[in-house]
Amino acid sequence: GAGVSQSPRYKVAKRGQDVALRCDPISGHVSLFWYQQALGQGPEFLTYFQNEAQLDKSGLPSDRFFAERPEGSVSTLKIQRTQQEDSAVYLCASSLTGQINGYTFGSGTRLTVV
Amino acid sequence: GIQVEQSPPDLILQEGANSTLRCNFSDSVNNLQWFHQNPWGQLINLFYIPSGTKQNGRLSATTVATERYSLLYISSSQTTDSGVYFCAGPSGNTPLVFGKGTRLSVIA
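Residues numbered from 1 in each chain as written. Chains lettered and ligands numbered in written order. Predicted model: local features only at pLDDT ≥ 70, side-chain atom pairs only at ≥ 80, totals over all residues. Heavy atoms only, no water.

A. Representation of the sheet that holds strand S7 (residues 65–68) of chain A. Residue and element names in this part refer to chain A. Read across the open sheet, the four strands follow the order S1-S3-S8-S7; overall the sheet is antiparallel. A single partner strand is all that each edge strand has here, and the edge strands are strand S1 (5–7) and S7. Geometrically, the sheet is characterised by an average inter-axis angle of 15 degrees between neighbouring strands, direction not taken into account. For S1 and strand S3 (residues 19–24), the ladder comprises three bridges, and the chain directions are antiparallel. Bridging across to S3, Ser5 finds its partner in Asp24. (Pairing = 2+ DSSP bridges. Helix = DSSP H or I, 4+ residues; strand = E, 2+ residues; numbered from the N terminus. Axes fitted to C-alpha atoms, helices over the stretch in contact; angles between N-to-C directions.)

This is the structure:
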């Protein structure tokens with residue numbers, strides 16, 4: 001596609017519900033990154049894939065967070081048993097080769113846990 | 001990991017005014033970048049500027065790596081410049097560590 005596509009654009013979840021957020025990177029982009037952006041803050045790194053391999057998941061805040069990219073293209077970020085502190089915008093970025101000056105970000109998914 | 005501090009946190013400008021945004025980082029950063037996040041949440045890369053000065057239209061950026069800071073200059077600001085400006089750089093294995101941003105509002 002022309003850009004990084006994320007869906008849904010907005011998600012409201014009841015506390016305790018599981019959610020799945022989708023990222024469709026630019027076709028052919030090898031690297032994919034997830035970031036979490038709380039209100040009024042800068043984005044914070046969650047996890048990084050190169051093709052289907054999850055190379056770094058050090059930023060995932062708890063074991064309720066899980067990300068996958070099984071075929072090396074579309075990625076899903078899953079949050080189990082959502083809590084209010086999970087409310088944030090979740091941003092996905094992709095890059096052709098992993099070069100950090102080649103990021104393209106999606107518009108994000110705004111998750112609100114009530 | 002590195003700490004990235006941005007100033008000012010908020011800025012209101014009259015259309016046509018100039019401004020300077022600053023980014024300080026706590027340790028050496030090889031690959032500093034500036035981003036603009038528009039009111040719809042889209043993050044756009046403005047500059048990849050590990051050192052020196054670059055210009056793109058009304059925007060320019062300067063990084064002094066030895067003194068661990070970078071500046072973003074906006075000249076003749078327009079309402080479309082409104083949004084949040086972030087600087088970011090890699091730290092260890094983390095691809096990008098972002099500052100908290102400068103929220104810019106340009107009023108007509």
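B. Structural detail: the nonpolar core. Residues and elements named next belong to chain B. By size, the foremost hydrophobic cluster in this structure holds 21 residues, and its most contacted members are Leu21, Cys23, Leu32, Trp34, Leu72 and Leu104. The set of elements that each furnish at least two residues to this core consists of strand S2 (10–14), strand S3 (19–25), strand S7 (59–64), strand S8 (69–74), strand S9 (83–91) and strand S11 (102–107). In terms of residues, this core owes the most to one element, S3, which gives three residues. (Core = buried A, V, L, I, M, F, W, Y, C linked by side-chain atoms within 4.5 Å. Buried < 20%, exposed > 50% of the residue type's maximum accessible area, 1.4 Å probe, protein only.)

C. Representation of the side chain of Thr76 of chain A within the structure. All names here are of chain A. Structurally, Thr76 can be placed in strand S8 (residues 75–79). On the basis of relative accessible area, Thr76 is assigned to the buried category, the value being 18%. Contacts of Thr76, omitting those with residues within four sequence positions, involve Ala20, Leu21, Trp34, Phe66, Ala67 and Glu68. (Contact = heavy atoms within 4.5 Å.)

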